[in-house]
Amino acid sequence: MGEFTKPLEDLSKNAAEYVDMKIEDVKLRTVKGLSVAMNKLIVALILLFVASIVLLAAALGCTLLLGDILGSYAAGAFIVSGVFLVLLIILYLFRNKMFLNSFLRMFLNLFFTDDEEIK
């Protein structure tokens, strides 16, 4: 009876090893994808921070320049804030195209591409 069940035991052992290897593969792909995603997120946050400082300095400079030209710093500040309000409205209207779709594409590429394609 041992000769008859030996192939089945080997098959079940190999199947269990295959399932374990697939689980390890999924874990490794998840860790790799999350590390790449975290790296991109941290870089994006640093760039956003630096860009906001530059934008703040430019806005202050424009406010002072317009204030000198118009004779009123308050008027210059309102004009600059109006420009930022228009930019904010544009960003809000196109938020799905600019942010959601691009992040979705990035995560799909990270988690559902082969290792050779990510390099």
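Criteria and cut-off values
Residues numbered from 1 in each chain as written. Predicted model: local features only at pLDDT ≥ 70, side-chain atom pairs only at ≥ 80, totals over all residues. Heavy atoms only, no water. Helix = DSSP H or I, 4+ residues; strand = E, 2+ residues; numbered from the N terminus. Buried < 20%, exposed > 50% of the residue type's maximum accessible area, 1.4 Å probe, protein only. Contact = heavy atoms within 4.5 Å. Areas by Shrake-Rupley, 256 points an atom, 1.4 Å probe, with all protein chains shown as cover. Salt bridge = Lys/Arg side-chain N within 4 Å of Asp/Glu carboxyl O.

**Some remarks on the overall build of the protein chain**
Within the protein chain one finds four helices and zero strands. What you see in the protein chain, going N to C, is helices and strands ordered as α-α-α-α. Residues classed as buried in the protein chain amount to 8% of the 119 residues present. Restricting to contacts in the protein chain with at least 6 residues of sequence separation, those with at least 24 account for 47%. Working note: accessible area of the protein chain is about 10100 Å², and carbon and sulfur atoms make up 75% of it.

**Topic: the pattern of salt bridges**
All told, the structure shown has two salt bridges when counted by the stated rule. Across the pair Glu 24 and Lys 27 runs a salt bridge whose closest N-O atoms are separated by 3.7 Å. Placement of both Glu 24 and Lys 27 in helix H1 (residues 2–70) is noted, with a separation of three residues, approximately one turn of the helix. You can call Glu 24 partly exposed: its relative accessible area is 43%.

**Thoughts on the side chain of Thr 63**
Mapping Thr 63 onto the fold places it in helix H1. Residues within four places of Thr 63 in sequence aside, it is in contact with Tyr 73, Gly 76, Ala 77 and Val 80.

**Regarding the environment of Ala 58**
Structurally, Ala 58 can be placed in helix H1. Along the sequence, Ala 58 and Val 80 sit 22 residues apart, while their C-alpha atoms lie 10.0 Å from each other.

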